[in-house]
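What the coordinates show
The residues making up each chain are set out below.
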Amino acid sequence: MVKTSIMDDIFYLAQRQGRISFYMTCSGEEASVVASAAALNQSDEVFAQYREQGLFLWRGFGLDEVASQCCSTARDPGKGRQMPVHYGSKELHIHTISSPLGTQLPHAVGAAYHMKLKEGGSRPLLQSLANGENSSATARSRTPEKRIAACYFGEGAASEGDFHAALNFASTLQCPVLFLCRNNGYAISTPTEEQYHGDGVLSRGQGYGIDALRVDGNDAIAVYAAVADARSKCLSTQSPVLLELVTYRIGHHSTSDDSTRYRDPDELQSAGHQLSAIERFRAYLYSRKLWTDQEDREFREHVRAECLHALETAERERKPAVAGMMTDVYQNVPKHLHEQQYAALHQMGVDDL
């Protein structure tokens, strides 16, 4: 959580200095993200929104990879064609972040349904029977996968149509998907009281026949316990679960936002002091004599130095080849894109296509 917070501070300031074009912090929501990541299995397929950088770090995504993506270097798997904070890692089972709000929700359900069909689902079994295979032997040989799909989203995304479609599919098809809603109080500038009049996001899951639980999203231990239990339930019952993690977005929505225009600065200061997940967890560690001021100070200094080094290194790295700007969409690039590519490169004075 501390590593995520320090990284956010450095990259946020880097954007303000014009070193990167855009950034979004996880300030105030570190426990909801990192503690939940710790409770998941490393092989669980994750579909995140855009504030889950702590999950990436937890799974082993390096600060150098974060910097390369935000600086759009040649090392970025997206080849610099996506805006900053849109990370992704096939090796870490984290699907690439998508800009449109809520699109990851039905994708997560689809992945979970695939897991169900692949191992022990009704359709493969029926297909086996149709092929004349022994039913008892087939049933014994098929056991559910020991992994689930986990989907992160904010309460604002729960107002999107994709949210309702995803929950309905997950419920009717009984998919092992864990929905993790970070209810941070604001959908950009819209407070929760203007988003819904019902009982938060929790009741929507219940309306679709999905087991749902509300958790203090700023309590790392509570989040870990709830996610671990929910994941176990998803696996054992091969069905969906919805968790509403109640937290608070201390930072601006993004570097394109000024939250002081729609909420009182005193509210931010008070929330930052009273609701800080990092301070709460640190106090717990101190009380158990598991962490000291010196360890905390040394760790913060180390992470800060590592993060600055990663950013400075990424700034010196070469950029992706301009000629690759229009590749990776079609297997065979159509004629009109070849023409546009040639015109663009000619305009830029690049001769090598």
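Our structure is the block above this text.
The text that follows walks through the structure, step by step, so that each part is easy to find. Worth saying up front: this structure is predicted, and the values here are computed from it rather than measured.

What the rule picks out here adds up to nine aromatic pairs. Their ring planes at 20° and their centres at 5.7 Å tell us that phenylalanine 11 and tyrosine 23 sit as a pair that is stacked. On the criterion of sequence distance, the pair formed by phenylalanine 11 in helix H1 (residues 2–16) and tyrosine 23 in the loop between H1 and helix H2 (30–39) is long-range, its members being twelve residues apart. Residue class for tyrosine 23 comes out buried when judged on its relative accessible area of 0%. The structure contains a cluster of three or more aromatic residues connected by ring pairs, namely Phe56, Phe61 and Tyr87.

Right, let's get into the sheet that holds strand E2 (residues 94–95). Within a sheet, adjacent strands bond to each other through the backbone by hydrogen bonds, running parallel or antiparallel. What the six strands build is an open sheet, ordered E2-E1-E3-E4-E8-E7; its pairing is parallel. On the outer flanks of this sheet lie E2 and strand E7 (211–216), each paired with one strand and no other. As defined by bridge partners, E7 adjoins strand E8 (residues 241–246) across six bridges and the pair is classed as parallel. When the sheet's bridge partners are listed, alanine 212 is paired in E8 with leucine 242.

This brings us to the layout of surface pockets. Taken as a whole, the largest pocket encloses approximately 510 Å³ of empty space. Around the largest pocket sit 20 residues that line it, and Met1, Val2, Val34, Trp58 and Phe281 are the ones nearest its centre. Those elements that place two or more of their residues in the lining of the largest pocket are H1, H2, helix H3 (53–58), helix H10 (220–237), helix H12 (277–287) and helix H13 (293–316). Looking at which element gives the most residues to the lining of the largest pocket, the answer is H12, with four residues. Looking at the lining of the largest pocket residue by residue, the classes come out as 15 nonpolar, two polar and three charged. The computed volume of the second largest pocket comes to approximately 370 Å³. Where the lining of the second largest pocket is concerned, the elements lending two or more residues are H1 and H12. It is H1 that provides the largest number of residues to the lining of the second largest pocket, a total of six residues. Looking at the lining of the second largest pocket residue by residue, the classes come out as eight nonpolar, eleven polar and six charged.

Thresholds, definitions, all that
Residues numbered from 1 in each chain as written. Predicted model: local features only at pLDDT ≥ 70, side-chain atom pairs only at ≥ 80, totals over all residues. Heavy atoms only, no water. Phe/Tyr/Trp six-rings, centres within 6.5 Å; stacked < 30°, edge-to-face > 60°. Helix = DSSP H or I, 4+ residues; strand = E, 2+ residues; numbered from the N terminus. Buried < 20%, exposed > 50% of the residue type's maximum accessible area, 1.4 Å probe, protein only. Pairing = 2+ DSSP bridges. 1 Å grid on protein atoms, 1.4 Å probe; cavity = no way out; pocket = protein on both sides within 12 Å on 5 of 7 lines; lining within 4 Å. Points joined across faces, edges and corners; volume = space filled by probe spheres on them. Nonpolar A, V, L, I, M, F, W, Y, C, P; charged D, E, K, R; others polar.

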